[in-house]
Amino acid sequence: MAKEKTGNLNRRQFIQTSGLAMAGMPFLSLASQKPESRIAKDSPETSFEFSFLTDIHLKPEMNAPLGFQMAIDKVNELNSDFAIMGGDLVYDVMRGDYERSDMLFDLYQKMSRGFNMPVYNCVGNHDLFAIYPESPEDANHPDYKYGMWERYFGKTYYSFDHKGWHFIVLNSLDVTEDKKYKGVFHAEQLEWLAEDLKNTDQSTPIVVTTHIPMLSTHWQLKGQNGAVGVENSAEVIRMLENHNLKLILQGHIHWKEYGMVNDRFDFITGGSIAGNGWKGRRHNTKEGFVQIKVQGENYSWEYIDHGWEAERLRLQL
Ligand SMILES: [Fe+2]
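Bear in mind that the values here come from a model prediction, so they are computed numbers and not experimental data.

Here is what the cut-offs are and how they apply
Residues numbered from 1 in each chain as written. Predicted model: local features only at pLDDT ≥ 70, side-chain atom pairs only at ≥ 80, totals over all residues. Helix = DSSP H or I, 4+ residues; strand = E, 2+ residues; numbered from the N terminus. Buried ≥ 20, exposed ≤ 12 C-beta atoms within 10 Å, placed from the backbone. Contact = placed C-beta atoms within 7 Å. Pairing = 2+ DSSP bridges. Axes fitted to C-alpha atoms, helices over the stretch in contact; angles between N-to-C directions. Core = buried A, V, L, I, M, F, W, Y, C linked by C-beta atoms within 7 Å. pLDDT = per-residue confidence, 0-100.

A. Spatial organisation of the overall build of the protein. Scanning the protein from N- to C-terminus turns up seven helices and 15 strands. By the burial criterion, 44% of the 317 residues in the protein qualify as buried. Long-range pairs, those at least 24 residues apart, make up 70% of the contacts in the protein between residues at least 6 apart in sequence.

B. Highlighting the environment of Ser112. Summarising the element assignment, Ser112 is placed in helix H2 (residues 98-112). Separated by 40 residues in sequence, Ser112 and Ile72 have C-alpha atoms that sit 7.7 Å apart.

C. Representation of unusual backbone geometry. With an omega dihedral of 0°, the bond running from Tyr91 to Asp92 counts as a cis peptide bond. Checked against the element boundaries, Asp92 lands in the loop between strand S4 (82-85) and H2.

D. View of the pairing of strand S10 (residues 205-210). In terms of residue burial, S10 counts as a mostly covered element, since six of its six residues are buried. Because side chains alternate across S10, one face comprises the buried residues Pro205, Val207 and Thr209, and the other comprises Ile206, Val208 and Thr210, equally buried. With four bridges joining them, strand S7 (residues 165-169) and S10 adopt parallel strand pairing. Bridge pairing links His166 to Ile206 in S10. Pairing geometry for S10 and strand S11 (residues 244-250), over six bridges, is parallel. If you follow Ile206 over to S11, its bridge partner there is Leu245.

E. Summary view of the sheet that holds S11. Taking strand neighbours across the sheet as the criterion, the six strands line up as S6-S7-S10-S11-S13-S12 in an open arrangement whose pairing is mixed. The strands lining the two open edges of the sheet, one partner per strand, are strand S6 (158-162) and strand S12 (256-261). Strand after strand, the sheet turns through a mean of 15° between neighbouring axes, direction not considered.

F. The nonpolar core, seen in detail. Counting 69 residues, the largest nonpolar core has Leu53, Ile56, Leu58, Val90, Leu128 and Ile248 as the members making the most contacts within it. Among the elements that take part in this core, helix H1 (residues 64-78) stands out by supplying five residues, more than any other.

G. Looking closely at the environment of Ile56. You can see Ile56 is positioned in the loop between strand S3 (47-53) and H1. Judged by the 27 C-beta atoms lying within 10 Å of it, Ile56 falls in the buried class. Beyond its immediate chain neighbours, meaning those up to four positions away, Ile56 contacts Phe68, Met85, Asp88, Leu89, Ile273 and Ala274.

H. Geometry of the pairing of strand S13 (residues 265-270). Counted residue by residue, S13 has six buried out of six residues, so it is predominantly covered. Both faces of S13 are covered, namely the face carrying Phe265, Phe267 and Thr269 and the face carrying Asp266, Ile268 and Gly270. One ladder, built from four bridges, connects S11 with S13; its direction is parallel. If you follow Leu249 over to S13, its bridge partner there is Ile268. Where S12 lies against S13, six bridges are found, and the strand directions are antiparallel. The partner of Val261 across the bridge, within S13, is Phe265. With antiparallel pairing between neighbouring strands as the criterion, S12 and S13 make up a hairpin whose turn holds three residues, including Asn262 at a positive phi of roughly 50°.

I. Local environment of the environment of Pro60. Here Pro60 lies in the loop between S3 and H1. Since 11 C-beta atoms lie within 10 Å of it, Pro60 is described here as exposed. Residues Pro60 and Tyr91, 31 residues apart in the sequence, show an inter-C-alpha distance of 9.7 Å. Each residue touching Pro60, except ones within four places of it in the same chain, is listed here: Pro65 and Leu107.

J. Structural detail: the confidence of the model for the protein. Considering every residue of the protein, the mean pLDDT works out to 89; 85% of them sit at 70 or more. Predicted confidence for residues 30-41 stays below pLDDT 50, and this span has 19 contacts to residues more than four positions away or in other chains.

Spelled out as structure tokens, the structure:
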């Protein structure tokens with residue numbers, strides 16, 4: 001079975017990629033293997049599930065803590081091995097003062113201790129402290145930009161391994177001279193990534209997490225040419241060319257999307273926990289998260305409704 005496609009993205013989709021990376025086949029070459037020759041290497045040691053939750057936008061208002069707690073409870077119920085958070089953990093420290101911003105991260109950190117498994121955080125644009133002119137603080141503050149994040153969660157880019165798979169969490173953000181965020185992988189991180197990949201076997205399955213999408217249909221459909229993407233994502237794709245990239249997980253646009261590239265790797269934009277600022281769906285994407293089940297070299301995914309929409313509507317009554 002090569003791929004089982006369904007018209008309903010809430011159903012589990014079975015993904016089996018070709019393993020062409022192991023044959024050293026670049027992404028941009030035409031895949032020549034016949035689907036039936038793709039033999040999966042399943043083993044109990046590489047069977048696990050993990051959850052990808054993105055765009056939580058946590059704040060004390062709008063019943064956001066209740067909605068986040070429902071997502072935490074659902075992940076615990078699913079008994080995932082770990083959770084990856086796709087960024088925009090809080091809303092919002094870009095424009096905020098120190099007290100409010102610190103309180104938001106503190107709230108997030110305390111609540112995320114409710115997960116029964118390790119949590120790996122990715123940084124989002126709303127998590128960058130005092131980068132906008134509206135903030136009373138500026139670049140002189142020790143918590144500026146990545147500082148507050150680093151104080152709470154450590155490095156903004158890193159990798160970890162789980163049951164033979166390699167997970168790379170990237171920082172897709174920097175700040176422009178006129179004080180706006182932009183989607184970019186900065187040079188220092190690319191140096192680190194080159195080193196990380198040097199130490200990763202070419203056959204090891206890789207999952208990349210980025211807040212700002214590296215690939216998306218969003219800008220073609222919405223007409224915002226490149227505005228919501230990482231400007232140098234092609235550079236990272238090139239670096240991964242001769243590795244066994246399986247999947248890119250993305251956030252930011254609160255949009256649910258799956259794509260497959262040339263029989264080699266897939267990308268999923270994982271909806272959001274917050275919807276439209278906790279007021280309802282955004283882009284008509286229901287609040288939820290992505291559950292990923294890995295078996296050997298393959299994985300399947302499903303968008304999980306943790307019940308927040310029904311609860312939100314009930315609370316509005
Ligand atoms: Fe967001």
